[in-house]
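Residue strings, one per chain:
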Amino acid sequence: MSILVWLIVATIGAVALFFPGYGGLAQFAAWRAMRQRELVEDALKHLLDREQEGRHATPQSLAGTLSANLAQTIKLIAQMESQNLVESRGNEIHLTPEGERWALHIVRAHRLWERYLADEARMPLQKIHSEAHKREHHISQAELDALDAAMGYPTYDPHGDPIPSREGKIPTHRAIPLTAWQAEGPARILHIEDEPAIAYEQVLAAGLRLGQVIRLIEKTPTRYVLSDGENEFRLAPSIAANVHVAPLSETEIARKGAVPLHMLSDGQKGEILLLDESVQGFTRRRFLDLGLTPGALIYPELKNFFGDPRAYRVRGTLIALRKEQAAQIWVKPL
Amino acid sequence: MEANEILQKAAQLRSGLSTSFRDEIVKSLYTEAETIARRAVKSAADRKYDFDQKIDRLVTSPVFGLPIMLALLAVVIWLTVSGANVVSDAIASLLFWVGDQGRALFHALHIPWWITGFLWDGVYRGLAWVVSVMLPPMMIFFPAFTILEDLGYLPRVAFNLDWLYRKSGAHGKQALTMAMGFGCNAAGVVSTRIIDSPRERLIAILTNNFVPCNGRFPTLIMLSTVFVAAGFSGFTASVIAAASVVVVVMIGIAFTLLMSWLLTKTMLKGEASAFTLELPPYRVPNVWRILYTSLIDRTLFVLWRAMQTAAPAGAIIWILANVPVGNSNLAQSIADWLNPFGLLLGLDGVILLAYIIAIPANEIVVPTMMMVYTGASMMIEGPSGNQEIFNLLVHGHGWTMLTAINLMLFALLHNPCATTIITIYKETKSYKWTILSVVITLGTAILVTFLTATVARLLGWG
């Protein structure tokens, strides 16, 4: 009797463990394969990063990035060599064309996901990196193309990093780190490095954002002071190195004198020049749908007890906007 | 092959586009539309437009905006309070007369007493009660509310209050969903669909219940009439009763903002999302549409839902009141058992029992209380006249001002009714948030009444 019970228990246990596709072992194998793939893909990204900086990765740098020990890393490199993804030359590891294609796919997946999470899901910018990092390993080429098309083929991610095209072309970047910025004139923030996360959060906490036009007004070994004409931003030099800027183009300089919408005084008319670059996706479409398009006439009409939000008259309708939203709309006072 | 070439050409051209080309497309659409509109639409000197602007400047003005809003709220509540009483009595006597006839008929047919009792004193009386208590305030409140909605005033409320919601990490449109909640919290929860951001929508759902709905007005009105406006009569009494309901409503709004803020800081962390709100031009309300929307869409719809839950509740109440335990009944015994906990909250066992029974529909709280207090075998209106109710509660059952105030707070803050809970589940599709909506509100109600009771007793007021 008791033997029969044990037999049944053993059979159930064995089925639960060995059942193809669903059993414990199969699940574990699938999990390991996934884990291994994530490792390979993270390694490929690191190699690509290094090559874009004009140097090459080493087993040591790779171990550091993956937070693995050297022995594990060397094993991983050997495996990737057998898959024809990389080749070792001395202490340097080079991507093969095959490896580079895969690496570009991952980078494209990561940045498109970031774009999606920021614009459509409207997740806070501090959180999108880790979420995109999870998602980048689980998307096929076809799905990625569909995502790319649905979002209207964006060229930059929300930090200002270029998104590789389907063919692996990467738009070029002309921004330089703030620490190397010498000019007197205004500069536009084109890229904010999102790794390490702590540094990125500090930049965001200081109130800086992509597309903002700033001026460097003080530069000492201990701090950088920036101004957008209204507020001042203070950054430590190590943090400032993560902010990349470029000079304004000539048309942008011609637009000087533009002010954010909330700076208009009551009844003062303005003409919308442009919507800030930091507004994308859902919010930008909403703005455009409401008639807040470049060239439209706009003026503040109503103000409540608290002074915020204000209602603006545009194209004959009244639209209430909070100060944060109005600050993203640039107008030329008339 | 040609198709491929076209695709390649498109991809190549696309990379050369400026990032703002979508803005340009929308801009050209607007330009085109404006050209057509200018050809087709002739505008005379726009006097209505100027008038609209004057009203807008007044109702959103930094000085008068908030007072006007409060005054409108007070007027709507006063109309509901003073108008509902008259109609309510008439409907109640009619429906109860029908009940008496039915009971007499059953009696004549020699149907056993417990069937007669269960059907006529239980189920029918529960239904009759909900109809007579709920229908009149709804018939006044919903049309008044729909007029404000139709005029285009409600978006101005959202505009006036948005700052408070922004500070609590919520969306200004939450003010609209709360206004809807005055009519019915289930309707309020459904109306949160107008909020795009999922985080802010959840906040609006979880806090909607802090706005007292029509079903809870009768409790608030009874308490403020009997206790706060006790020394007055006629018009003055109704104004004072309405004023105290307005105060309770404002406490509810304060709790909504506080809870939104707490949720933003804990479970629903995040930044306030983009806020854009269109303030439509004022429109002359359409009488037929108002009557249709407020009476058919809202009143009857809400009433029908309440009746579905009131019938079984009426049956349960009758059973509780008619199952003998020792020399009293089941209802009384449960109330005695709940009493120590009730007293801790500055309430009593009967009140808690009434709230447990009234989970399906809050309208029957007062009649259930009266039934247990007077030892009746079915829900009754209680003594006629405020002085008699006052005597029954204060001298008969040891109520104090603290009991009255805490019952008002409890009525304001306690858990949503069954209909609202089901609606919350339907809207969130999540057991977690549904359960949380109950825990948050009930927890707040228990905590707040416990604190006020304890503080009052320490100060010697209890």
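Quick caveat: nothing in here was measured; it's all calculated off a predicted structure.

1. So, the overall build of chain B
Thinking step 1. In terms of helices and strands, chain B carries 19 helices and three strands.
Thinking step 2. Dimensions of chain B along its principal axes, counting C-alpha atoms only, are 95 × 55 × 50 Å.
Thinking step 3. Scored against the burial criterion, the 462 residues of chain B give a buried share of 51%.
Thinking step 4. Sequence separation of 24 or more characterises 75% of the internal contacts of chain B that already satisfy a separation of 6 or more.
Thinking step 5. Summed over its atoms, the accessible surface of chain B is roughly 22000 Å², and 70% of this surface lies on carbon and sulfur atoms.
Thinking step 6. Computed over 31 positive and 27 negative side-chain charges, the inter-centroid distance for chain B is 6 Å.

2. Thoughts on the interface of chain A and chain B
A common way to report how large an interface is uses the accessible area buried once the components associate.
Thinking step 1. Listed as interface residues are 39 residues of chain A and, on the opposing side, 38 residues of chain B.
Thinking step 2. Where chain A abuts chain B, roughly 3500 Å² becomes buried across the two surfaces, and 55% of that area is made up of carbon and sulfur atoms.
Thinking step 3. It is L302, F306 and R322 of chain A in chain A that bury the most area against chain B; as a group they hold 20% of the surface buried on that side.
Thinking step 4. Here chain A and chain B share six salt bridges between them.
Thinking step 5. With a shortest N-O distance of 3.4 Å, R286 of chain A and D196 of chain B are connected by a salt bridge.
Thinking step 6. If you look at where chain A meets chain B, you find 17 residue pairs in polar contact (both at pLDDT 80 or more).

3. A few points about the domain arrangement of chain A
Thinking step 1. Each assigned domain of chain A is listed with its residue range as follows: domain 1 (18-95), domain 2 (176-252) and domain 3 (259-333).
Thinking step 2. For domain 1 of chain A and domain 2 of chain A, the distance between their C-alpha centres works out to 35 Å.

4. Quick look at empty space enclosed by the protein
To find the voids left in a structure, one rolls a probe of water-molecule size over its atoms.
Residues and elements named next belong to chain B.
Thinking step 1. Applying the stated criterion across every chain, the model contains three cavities of 30 Å³ or more.
Thinking step 2. Estimates place the volume of the largest cavity at around 160 Å³.
Thinking step 3. Put simply, the parts of the chain that give the lining of the largest cavity at least two residues each are helix 8 (185-191), helix 12 (287-322) and helix 18 (418-428).
Thinking step 4. With four residues, helix 12 is the largest single contributor of residues to the lining of the largest cavity.
Thinking step 5. Residue composition of the lining of the largest cavity, grouped by class: nine nonpolar, eight polar and two charged.

5. Some points on the sheet that holds strand 7 (residues 232-235) of chain A
Residue and element names in this part refer to chain A.
Thinking step 1. With antiparallel pairing, the six strands of this open sheet are ordered in space as 3-8-4-5-6-7. Both outer strands of the open sheet, strand 3 (176-177) and strand 7, are each paired with one neighbouring strand and no more.
Thinking step 2. Packed on one face of the sheet, helix 8 (residues 197-206) meets strand 4 (187-192), strand 7 and strand 8 (243-247) and runs near 160° to strand 7.

6. Topic: the layout of surface pockets
Residues and elements named next belong to chain A.
Thinking step 1. For the second largest pocket, the calculated volume is near 1000 Å³.
Thinking step 2. Listing elements by their share of the lining of the second largest pocket, those giving two or more residues are helix 2 (24-52), helix 3 (59-66), helix 5 (97-119) and helix 6 (125-135).
Thinking step 3. The greatest single-element share of the lining of the second largest pocket, amounting to eight residues, is contributed by helix 2.
Thinking step 4. Of the residues assigned to the lining of the second largest pocket, the class counts are seven nonpolar, 11 polar and 14 charged.
Thinking step 5. Both of domain 1 (18-95) and domain 2 (176-252) provide at least three residues apiece to the lining of the second largest pocket.

7. Some words on the state of the cysteines
Thinking step 1. Applying the stated rule across the entire model yields zero disulfides over all chains.
Thinking step 2. The thiol of C184 of chain B is unpaired, and the distance to the nearest cysteine sulfur, on C213 of chain B, comes to 6.3 Å.

8. Thoughts on the sheet that holds strand 1 (residues 276-279) of chain B
Thinking step 1. Read from one edge to the other, the open sheet built from seven strands follows the order 9(A)-14(A)-10(A)-11(A)-12(A)-13(A)-1(B), with strand pairing classed as antiparallel. Only two strands of the sheet have a single neighbouring strand rather than two, namely strand 9 (259-260) of chain A together with strand 1 of chain B.
Thinking step 2. Where strand 10 (residues 270-275) of chain A lies against strand 14 (residues 329-333) of chain A, five bridges are found, and the strand directions are antiparallel. Bridge pairing in strand 14 of chain A links I272 of chain A to V331 of chain A.
Thinking step 3. Across the sheet, helix 11 (residues 281-289) of chain A is in contact with strand 10, strand 13 (317-321) and strand 14 of chain A together with strand 1 of chain B; its angle to strand 10 of chain A comes to roughly 155°.

Cut-offs used in this document
Residues numbered from 1 in each chain as written. Chains lettered and ligands numbered in written order. Predicted model: local features only at pLDDT ≥ 70, side-chain atom pairs only at ≥ 80, totals over all residues. Heavy atoms only, no water. Helix = DSSP H or I, 4+ residues; strand = E, 2+ residues; numbered from the N terminus. Buried < 20%, exposed > 50% of the residue type's maximum accessible area, 1.4 Å probe, protein only. Contact = heavy atoms within 4.5 Å. Areas by Shrake-Rupley, 256 points an atom, 1.4 Å probe, with all protein chains shown as cover. Lys, Arg positive; Asp, Glu negative; His and termini not counted. Charge placed at Lys NZ, Arg CZ, Asp CG, Glu CD. Buried area = accessible area lost by both parts, 1.4 Å probe. Salt bridge = Lys/Arg side-chain N within 4 Å of Asp/Glu carboxyl O. Polar contact = N/O pair within 3.5 Å; in protein donor to acceptor, adjacent residues only side chain to side chain. Domains from an automatic or database assignment. 1 Å grid on protein atoms, 1.4 Å probe; cavity = no way out; pocket = protein on both sides within 12 Å on 5 of 7 lines; lining within 4 Å. Points joined across faces, edges and corners; volume = space filled by probe spheres on them. Nonpolar A, V, L, I, M, F, W, Y, C, P; charged D, E, K, R; others polar. Pairing = 2+ DSSP bridges. Axes fitted to C-alpha atoms, helices over the stretch in contact; angles between N-to-C directions. Disulfide = S-S within 2.5 Å.

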